[in-house]
Protein chains: 2
Amino acid sequence: MPETLLPDSLVVRGGGGGRIFLIVLDGLGGLPDRDTGRTELEAADTPHLDVLAARSSLGMLIPVTPGVTPGSGPGHLALFGYDPVQYQIGRGILSALGVGFELTPGDVAARLNLATLDAEGRVTDRRAGRPRDSEARRVVEKLARSLQAPQGVQVILRHEKEHRAVLILRGEGLQADLGDTDPQSTGVPPLPVTARSPDSLRTAEILQSVLDQARSILAEEPSMSGILARGIDRYHGLPGFQERYGLRAAAIARYPMYRGVARLVGMDVPGIPDTDTDAVSMLARAHRDYDFCFFHYKATDARGEDGSFDAKVEAIEAADALVGDIAELEPDVLIVTGDHSTPASYAAHSWHSVPVLLASHWARPTSSSFGERSCRGGDLGTFEGWHLMTLALAHAGRLEKFGA
Amino acid sequence: MPETLLPDSLVVRGGGGGRIFLIVLDGLGGLPDRDTGRTELEAADTPHLDVLAARSSLGMLIPVTPGVTPGSGPGHLALFGYDPVQYQIGRGILSALGVGFELTPGDVAARLNLATLDAEGRVTDRRAGRPRDSEARRVVEKLARSLQAPQGVQVILRHEKEHRAVLILRGEGLQADLGDTDPQSTGVPPLPVTARSPDSLRTAEILQSVLDQARSILAEEPSMSGILARGIDRYHGLPGFQERYGLRAAAIARYPMYRGVARLVGMDVPGIPDTDTDAVSMLARAHRDYDFCFFHYKATDARGEDGSFDAKVEAIEAADALVGDIAELEPDVLIVTGDHSTPASYAAHSWHSVPVLLASHWARPTSSSFGERSCRGGDLGTFEGWHLMTLALAHAGRLEKFGA
């Protein structure tokens, strides 16, 4: 995998360099409206983004590889310069980050489904009829109260959404080379926890004992009578921004998932903003202490998932005003892009490429508007997103030449 | 590593094919002038290149990966079809090639810094105050005269530029899995030579004895009182053009670095031209004996490094006249590109993509001008440079179909 080796053979220049801002408008990319032929971003009135575009290299960013729709975790890892195919993070870890749980290195996390089991212990509904959040939360809390933690291990449960929850095991020497217990079909019992390597045997026993207890505790529940575990992974962090890029980095994000992924790569989290305006103020206060600031904006994705073209256009226009304020902080390199597309007509994350602008003194501008059409003709071409960080470092004067 | 395997799984067609010329205008790519919005290439009057463009597939070439600025070695390896991330060449080898030293397989080369050491042997200046070339050359010659070569080994020293020099060890059974002695900081002594594998132990001892002698010989020098070695590598050549592509290849280049990299991949060097006009005459005489001719032109890079937009424009216009003469030799495939960008405003190698034209009977022309703007919209898109050779072979009718 030579291309994934590259970041490790890059040499970061001593003595620092310019300051980089990465603004992620979540789910930014869209699909053209049938009548006008314009995407949400092309339809939006974005004077500040257009001014930036005119001093930017533009391009289209492929989140993972062509045709692959990323979740928020891999989508952001790619923007942070980690090839998401190489750096795969278990669903358990992503779920824990998503509910805002502060993982500690060595924690083992599993994604749980509340499921319906019949009297013989066979799965009849893997999602327990998609319970309401309040009902599911009651069951998770009941479990958390009644579970006896095995010796030397802390067991933490958090409800996520509907039938989804997350289980964290914390203790010395836990490993996570474990198979799923979710059989991925009905009419059969959950699989036993299996260790795929000898050093995970003890953790397999611990997890099995927790799942066995859960079965007894939930025996009387009519629908949520069992749990299925999958995506079991151990939290160890990644080679972080300081080590990899020599960057002191900060994340400003209103939602826990994005702060969590940022912490995974060693970013500081200077605070938890309540509103987007708060977030900009926080960035304005914090940015002088950092070389790199990641700023996350959620509404573009949320309105795209709602399926409303016009509401997504409004969310983009609201983001444009924030971008205008952020640009006044005058970073040396200012990037605006998304972690993936969420076209309103598709009403979900999609695989489509995402417009990106990179404003810097060394840019090669090609257009004074920011949109799919202009970015497609931009200087950066269409490229896999995990190269974005290398471009950012180059424009910030932070990379040594490759080869003599 | 699928994409780096590709050239090895390509099958070259028996019975030969068309003749290919690769003209490298070093550092060709540029940045737009603030007033006109035009790059050096776009501002230059290039009638011959424009005529070629009109019968070419155009594109933008990424020298290594996005954001990575290559040195001349990796830049040319990529144009010759070798993924520069996979085929990394030590600085010692590149330095030896750069000073025109003819390496033999098995030679071990190290990049040297002349450095200042204090009375306790600690490094106080890793570059010995950047000495003038004449002063540094005197010290390197003194070293070369006084060093006693260890038994069975030849020790060769060449001054490069300022504090930089190169050391070559020649002898039977030398290996180069050796760590640097440059500590990369001051206030500490040079690191001892360490073997990173058992079969390099003997070479480590040999190199250490040379460095120890150097310390004594230079003891009385006020500033250049020690040497630091790094980028130690063994010269073994690469799978060459004949083996890899079935091509008899020749290199016409005025400067040693480029002849050296060409020899590394098995190209012949029919002579050393004194002027660019000489170089064209040499190509005219030699080309019928070869399937592939690499022609190197330096002034575009040199004027870019000087930081003069207008001088780079003139260098491009001078190259255009040469290209006109070369085109009259009527190769089947004529490629013009650069190994990287050297924008005059940046005054150094940069990471920006580079315009490329590939003139052939099978081209898909899109424009009758050659420049960043037209190439960005060209048929080849924006692509990593090491794919260029495959394109050249295809247009020359030299590749079999991939798969049945």
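Residues numbered from 1 in each chain as written. Chains lettered and ligands numbered in written order. Predicted model: local features only at pLDDT ≥ 70, side-chain atom pairs only at ≥ 80, totals over all residues. Heavy atoms only, no water.

Things to note about the overall build of chain A
Part 1: Looking only at helices and strands, chain A features 14 helices and 12 strands.
Part 2: Its C-alpha radius of gyration of 23 Å places chain A within 12% of the 22 Å reference for a compact globule of 404 residues.
Part 3: Taken along its principal axes, the extent of the C-alpha atoms in chain A is 65 × 55 × 40 Å.
Part 4: In chain A, buried positions account for 57% of the 404 residues.
Part 5: Relative to all contacts within chain A whose residues are 6 or more apart in sequence, the contacts with residues 24 or more apart total 75%.
Part 6: On chain A, roughly 15900 Å² of surface is accessible, and the fraction owed to carbon and sulfur atoms is 47%.
Part 7: In chain A, the 40 positive side-chain charges and the 53 negative ones have mean positions that sit 2 Å from each other. (Helix = DSSP H or I, 4+ residues; strand = E, 2+ residues; numbered from the N terminus. Rg over C-alpha atoms; globule rule 2.2 N^0.38 Å. Buried < 20%, exposed > 50% of the residue type's maximum accessible area, 1.4 Å probe, protein only. Contact = heavy atoms within 4.5 Å. Areas by Shrake-Rupley, 256 points an atom, 1.4 Å probe, with all protein chains shown as cover. Lys, Arg positive; Asp, Glu negative; His and termini not counted. Charge placed at Lys NZ, Arg CZ, Asp CG, Glu CD.)

Thoughts on the pairing of strand β11 (residues 354-359) of chain A
All names here are of chain A.
Part 1: Of all six residues in β11, six are buried, a share of seventy percent or more.
Part 2: The side-chain alternation of β11 yields two buried faces, one formed by Val354, Val356 and Leu358 and the other by Pro355, Leu357 and Ala359.
Part 3: As paired strands, strand β10 (residues 333-337) and β11 are joined by three bridges and run antiparallel to one another. In the strand pairing of β11, Leu334 is matched with Ala359. (Pairing = 2+ DSSP bridges.)

Considering helix α4 (residues 72-79) of chain A
All names here are of chain A.
Part 1: Taken across its eight residues, α4 has seven buried, putting it largely inside the fold.
Part 2: All buried positions along α4 are accounted for by Ser72, Gly73, Gly75, His76, Leu77, Ala78 and Leu79.
Part 3: Positive backbone phi, approximately 95 degrees, marks Gly81, located one or two places after α4.

Digging into the packing of helix α5 (residues 91-98) of chain A against helix α9 (residues 256-264) of chain A
Residues and elements named next belong to chain A.
Part 1: As a packed pair, α5 and α9 sit with axes 7 Å apart at the nearest point and diverge in direction by 120 degrees. In terms of orientation, α5 lies oblique with respect to α9. Across from Leu94, Leu97 and Gly98 in α5, the residues of α9 making contact are Pro256, Met257, Gly260, Val261 and Leu264.
Part 2: Looking at the contact of α5 with α9 residue by residue, the class counts come to six nonpolar, two polar and no charged. (Axes fitted to C-alpha atoms, helices over the stretch in contact; angles between N-to-C directions. Parallel < 35°, antiparallel > 145°, perpendicular 65-115°, else oblique. Nonpolar A, V, L, I, M, F, W, Y, C, P; charged D, E, K, R; others polar.)

A look at the interface of chain A and chain B
Many descriptions give the size of an interface as the accessible area lost when the pieces come together.
Part 1: Of the residues lining the interface, 27 residues belong to chain A; the matching set on chain B comes to 37 residues.
Part 2: Across the chain A/chain B interface, buried area totals approximately 2500 Å², and carbon plus sulfur atoms make up 63% of it.
Part 3: A salt bridge links Glu372(B) to Arg364(A), with the nearest nitrogen and oxygen atoms 4.0 Å apart.
Part 4: Counting only elements with at least two residues in the side of chain A that touches chain B, the list comes to α1 (2-9) and α14 (388-395) of chain A. (Buried area = accessible area lost by both parts, 1.4 Å probe. Salt bridge = Lys/Arg side-chain N within 4 Å of Asp/Glu carboxyl O.)

Description of unusual backbone geometry
Residues and elements named next belong to chain B.
Part 1: Here the phi dihedral of Glu162 falls at roughly 45 degrees; this positive angle occurs in a residue that is not glycine.
Part 2: With respect to the secondary-structure elements, Glu162 resides in the loop between β5 (153-161) and β6 (164-171).
Part 3: On the basis of relative accessible area, Glu162 is assigned to the partly exposed category, the value being 25%.
Part 4: A positive phi is found at Ala347, a non-glycine position, where the angle reads about 55 degrees.

A word on helix α9 (residues 256-264) of chain B
Residues and elements named next belong to chain B.
Part 1: The element α9 is largely enclosed, with a buried count of seven among its nine residues.
Part 2: Met257, Tyr258, Arg259, Gly260, Val261, Ala262 and Leu264 are the residues of α9 that are buried.
Part 3: Elements that come into contact with the buried residues of α9 comprise α4 (72-79), α5 (91-98), β8 (249-252) and β9 (292-297).

Quick look at the packing of helix α6 (residues 133-146) of chain A against helix α7 (residues 201-217) of chain A
Residues and elements named next belong to chain A.
Part 1: Remark: α6 packs on α7, axes separated minimally by 10 Å, with the N-to-C direction vectors making an angle of 120 degrees. The pairing of α6 with α7 is recorded here as oblique in orientation. For the crossing formed where α6 meets α7, the hand is right-handed. Across the interface between the two elements, Lys142, Leu143 and Ser146 of α6 pack against Gln213, Ala214 and Ile217 of α7.
Part 2: Split into classes, the residues belonging to the contact of α6 with α7 amount to three nonpolar, two polar and one charged. (Left-handed = near helix turned anticlockwise from the far one by under 90°.)

Re the nonpolar core
Part 1: Among the nonpolar cores identified, the biggest contains 60 residues, and Phe241(A), Met267(A), Phe292(A) and Phe294(A) are the most heavily contacted of them.
Part 2: Here the element with the most residues in this core is α14(A); it accounts for six residues.
Part 3: With 50 residues, the next largest nonpolar core counts Leu61(B), Leu103(B), Val356(B) and Leu358(B) among its residues. (Core = buried A, V, L, I, M, F, W, Y, C linked by side-chain atoms within 4.5 Å.)

Some remarks on the pattern of salt bridges
All names here are of chain A.
Part 1: Using the criterion set out here, one finds 42 salt bridges over all chains in the structure.
Part 2: Note that Asp291 is salt-bridged to Arg248, the shortest N-O span being 2.9 Å. You can see Asp291 sitting in the loop between α10 (276-286) and β9 (292-297) and its partner Arg248 sitting in the loop between α8 (241-245) and β8 (249-252), a full 43 residues away along the chain.
Part 3: As a salt-bridge pair, Asp379 and Arg364 come within 3.3 Å of each other at their nearest N and O atoms. Note that Asp379 is positioned in the loop between α13 (372-376) and β12 (382-384) and Arg364 in the loop between β11 and α13, a separation of 15 residues in sequence. As far as burial versus exposure is concerned, Asp379 and Arg364 are alike and both buried.

Let's talk about the sheet that holds strand β2 (residues 56-62) of chain B
All names here are of chain B.
Part 1: If you trace the seven strands from one edge of the open sheet to the other, you get β8-β9-β1-β10-β11-β2-β12, paired in mixed fashion. Of all strands in the sheet, those bounded by a partner on one side alone are β8 and β12 (382-384). The mean inter-strand angle of the sheet, taken between neighbouring strand axes irrespective of direction, is 25 degrees.
Part 2: This element, helix α10 (residues 276-286), spans β1 (20-25), β8 and β9 of the sheet and lies at about 175 degrees to β9.
Part 3: Lying over the sheet, helix α14 (residues 388-395) contacts β1, β2, β9, β10 (333-337), β11 (354-359) and β12, oriented at roughly 155 degrees with respect to β10.

Details of the side chain of Arg230(B)
Part 1: Within the element layout of this structure, Arg230(B) appears in strand β7 (residues 226-234).
Part 2: Each residue touching Arg230(B), except ones within four places of it in the same chain, is listed here: Arg91(B), Ala110(B), Arg111(B), Asn113(B), Asp180(B), Asp182(B) and Gln184(B).

As for the relation of the copies chain A and chain B
Part 1: Mapping chain A onto chain B calls for a screw motion: a turn of 125 degrees about the axis and a shift of 0.5 Å along it, with 0.1 Å RMSD after fitting. These values place the two chain copies in the arrangement generated by a three-fold rotation axis.
Part 2: A low fraction, 7%, of the interface residues of chain A reappear at the interface in chain B, so the copies pair through non-equivalent surfaces. (Least-squares fit on C-alpha atoms with pLDDT ≥ 70 in both.)

Some points on a negative patch on the surface
Part 1: On the surface, a cluster of negative charge is contributed by Asp45(A), Asp310(A), Glu314(A) and Glu317(A).
Part 2: Its place among the elements puts Glu317(A) in helix α12 (residues 309-327). (Patch = residues over 30% accessible without salt bridge, like charges linked within 9 Å, V, L, I, M, F, W, Y side chains within 5 Å.)

Some details on the environment of Arg137(A)
Part 1: The residue Arg137(A) is located in helix α6 in this model.
Part 2: For the pair Arg137(A) and Glu160(A), spaced 23 residues apart in sequence, the C-alpha separation works out to 8.4 Å.

A short note on the confidence of the model for chain A
Part 1: In this model, chain A carries a mean pLDDT of 94, and residues with pLDDT of at least 70 account for 98%.
Part 2: For this predicted complex, the interface score ipTM comes out at 0.88, alongside a pTM of 0.89. (pLDDT = per-residue confidence, 0-100.)

Topic: the pairing of β11(B)
Part 1: Inspection of the sheet shows β2(B) paired to β11(B) by six bridges, in the antiparallel sense. Bridging from a neighbouring strand, Gly59(B) pairs with Val356(B) of β11(B).

A word on the packing of aromatic side chains
Aromatic rings considered in pairs are described by the distance between their centres and by the relative angle of their planes.
Part 1: All chains considered together, the criterion is met by 15 aromatic pairs over all chains.
Part 2: Ring plane angle 90 degrees and centroid distance 4.9 Å describe the contact between Phe241(B) and Tyr245(B), whose orientation is recorded as edge-to-face. Linking Phe241(B) with Tyr245(B), this pair stays in helix α8 (residues 241-245), spanning four residues, or about one helical turn.
Part 3: Among the aromatic residues, ring-to-ring pairing joins Phe80(A), Tyr82(A), Tyr87(A), Phe241(A), Tyr245(A), Phe292(A) and Phe294(A) into one connected group.
Part 4: Directly above the ring of Tyr82(B) sits Arg244(B), whose terminal nitrogen or CZ lies 4.1 Å from the centroid. (Phe/Tyr/Trp six-rings, centres within 6.5 Å; stacked < 30°, edge-to-face > 60°. Lys NZ or Arg CZ within 6 Å of the ring centre and 35° of its normal.)

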